[in-house]
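What the coordinates show
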Amino acid sequence: DAGVTQSPTHLIKTRGQQVTLRCSPKSGHDTVSWYQQALGQGPQFIFQYYEEEERQRGNFPDRFSGHQFPNYSSELNVNALLLGDSALYLCASSPSLGVTDTQYFGPGTRLTVL
Amino acid sequence: EDQVTQSPEALRLQEGESSSLNCSYTVSGLRGLFWYRQDPGKGPEFLFTLYSAGEEKEKERLKATLTKKESFLHITAPKPEDSATYLCAVPGRSSGSARQLTFGSGTQLTVLP
């Protein structure tokens, strides 16, 4: 049973560029959440997708946008990159929108902005 | 604002030396508390979910407990392979944040052989 997968593993960009990160959820899961984790900190919630719609959003600017496809996979887009966007970006999937449903995380994409 | 605080920030143990990690939270009407383990540069790995005060769950050398204001992760006779950062997280209290997890900053555990 494949778990959550993310691509690419690592990415280096320069300030002002745009980046797209990809996520495939665990088999049987239809809800995808994205988190940003700075070094030495816990993950911070960016947004959550279900049925191809953004259902909840954390305190992140509009430069962060996403998409969910009919096969439940998801993309995270970040425009006009800033140095402060350097972080580990984590995708998590869960079987439904239930509050108490466990979220399972992928290995993450390490984004470095120079 | 929902708050999750973990202590200590870092903990060094000798192999076999048992200890506990703490996670305190300010969310009222808790709808679950999650523990994860995270190895360097990797995504968090799910360990436990606790739903109500008094609940306990165990997995190998780990036992998680929950009270009305905090949770403990007890590590019994740890081994070097237990070295990792342990994160706890809670869902938001409001309808607008119910499905987002708020994480603590984690406890970095090092078990020395």
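Now for a description of the structure that goes with this document.

Cut-offs applied
Here the residue numbers are simple positions, counted from 1 along each chain's written sequence. Chains carry letters from A onward and ligands carry numbers from 1 onward, assigned in written order. Restriction of local features to residues with pLDDT of at least 70 applies here, the model being predicted, together with a cutoff of 80 or more for giving and counting side-chain atom pairs; totals for whole chains, interfaces and linings are based on all residues. Processing note: side-chain calculations cover all non-hydrogen atoms of the structure and skip hydrogens and water entirely. What makes two residues a contact is simply this: any of their non-hydrogen atoms within 4.5 Å. Buried area, as used here, totals the accessible surface that two parts lose on assembly, with accessibility defined by a 1.4 Å probe and the loss added over both. The salt bridge criterion pairs a side-chain nitrogen of Lys or Arg with a carboxyl oxygen of Asp or Glu, the two atoms within 4 Å. Counting of polar contacts relies on pairs of N or O atoms within 3.5 Å, with two restrictions inside protein: one atom must be capable of donating a hydrogen and the other of accepting it, and residues adjacent in sequence are counted only when both atoms are side-chain atoms. For the purposes of this entry, the term helix denotes a DSSP run of H or I that reaches at least four residues, the term strand denotes a run of E that reaches at least two, and both are numbered from the N terminus. Ten residue types, Ala, Val, Leu, Ile, Met, Phe, Trp, Tyr, Cys and Pro, are classed as nonpolar, four, Asp, Glu, Lys and Arg, as charged, and the remainder, Gly among them, as polar. Any two strands with at least two DSSP-identified bridges between them are counted as paired. All axes here are fitted lines through C-alpha atoms, helices being fitted over the stretch that makes contact, and every angle between N-to-C directions spans 0 to 180 degrees. Here's how the labels work: a residue is buried when its accessible area is under 20% of the maximum for its type, exposed when over 50%, partly exposed in between, all with a 1.4 Å probe on protein chains only. Method remark: on a 1 Å grid restricted to protein atoms, a set of points is classed as a cavity if a 1.4 Å probe fits but cannot get out and as a pocket if it is open with protein on both sides within 12 Å along at least five of seven lines; lining residues have an atom within 4 Å of a point. Grid points are joined across faces, edges and corners, and a volume is the space filled by probe spheres set on the points. Criterion for a disulfide: a pair of cysteine sulfur atoms within 2.5 Å.

Section: the interface of chain B and chain A
On the chain A side, the residues contacting the 23 residues of chain B number 24 residues. Between chain B and chain A the total buried area reaches about 1,800 Å² when both faces are included, carbon and sulfur atoms providing 53% of it. Together, B:Arg99, B:Gln100 and B:Phe103 form the three largest contributors to the area buried by chain B at its contact with chain A, with a combined 34%. Here chain B is connected to chain A by zero salt bridges. Where chain B meets chain A, there are six residue pairs in polar contact (both at pLDDT 80 or more). Considering every element that reaches the side of chain B that touches chain A, the biggest residue donor is strand 4 (residues 33-38) of chain B, with three residues. Partitioned by chemical class, the residues of the side of chain B that touches chain A number ten nonpolar, ten polar and three charged.

Description of the sheet that holds strand 7 (residues 64-68) of chain A
Residues and elements named next belong to chain A. Taken in spatial order, the four strands make up an open sheet running 1-3-8-7, and their pairing is antiparallel. With partners counted over all chains shown, the strands left at the sheet margins are strand 1 (5-7) and strand 7, one partner each. Across the sheet, the axes of successive neighbouring strands diverge by a mean angle of 20 degrees, strand direction being ignored. Across five bridges, strand 7 lies against strand 8 (residues 74-78) in antiparallel orientation. Bridge assignment links glutamine 68 to a residue of strand 8, and that residue is serine 74.

Let's talk about the environment of A:Gln68
Residues and elements named next belong to chain A. Mapped onto the secondary structure, glutamine 68 falls in strand 7. The class of glutamine 68 is buried, set by a relative accessible area of 1%. It is 9.7 Å that separates the C-alpha atoms of glutamine 68 and aspartate 30, two residues lying 38 residues apart in sequence. With residues near it in sequence (within four places) discarded, glutamine 68 still touches Asp30, Val32, Tyr49, Tyr50, Glu51, Glu52, Glu53, Ser73 and Ser74.

Focus: the layout of surface pockets
Computed from the structure, the second largest pocket encloses a volume of approximately 460 Å³. Lining the second largest pocket are 23 residues, with A:Gln37, A:Gly40, B:Gln38, B:Thr85 and B:Gln108 positioned closest to its centre. Looking at the lining of the second largest pocket, the elements with two or more residues in it are strand 9 (84-91) and strand 11 (107-112) of chain B. Per element, the largest residue contribution to the lining of the second largest pocket is four residues, and it comes from strand 11 of chain B. Split into classes, the residues belonging to the lining of the second largest pocket amount to seven nonpolar, twelve polar and four charged.

Things to note about the state of the cysteines
One pass over the structure, following the stated rule, counts two disulfides over all chains. Two residues, A:Cys23 and A:Cys91, share a disulfide whose sulfurs are 1.8 Å apart. Across the S-S bond of A:Cys23 and A:Cys91 the torsion is about -55 degrees, and the bridge reads as left-handed. Within this pair, whereas A:Cys23 is found in strand 3 (residues 19-24), its partner A:Cys91 is found in strand 9 (residues 87-94), the two being separated by 68 residues in sequence. With its sulfur 2.0 Å from that of its partner, B:Cys23 forms a disulfide with B:Cys88. On the sign convention where negative means left-handed, the S-S torsion of about 80 degrees between B:Cys23 and B:Cys88 marks this disulfide as right-handed. Of the two residues, B:Cys23 is situated in strand 3 (residues 19-25) and B:Cys88 in strand 9; the sequence distance between them amounts to 65 residues. By relative accessible area, which is 0% here, B:Cys88 ends up buried.

So, the pairing of strand 3 of chain B
The side chains of a regular strand alternate between the sheet's two faces. Pairing of strand 1 (residues 4-7) of chain B with strand 3 of chain B, which is carried by four bridges, proceeds in the antiparallel orientation. In the sheet register, B:Val4 faces strand 3 of chain B, and the bridge partner there is B:Tyr25.

Comments concerning the pattern of salt bridges
Residue and element names in this part refer to chain B. The full count for this structure, using the stated rule, is eight salt bridges over all chains. A salt bridge links glutamate 56 to lysine 63; the nearest nitrogen and oxygen atoms lie 3.9 Å apart. The partly exposed category is assigned to lysine 63, whose relative accessible area is 27%.

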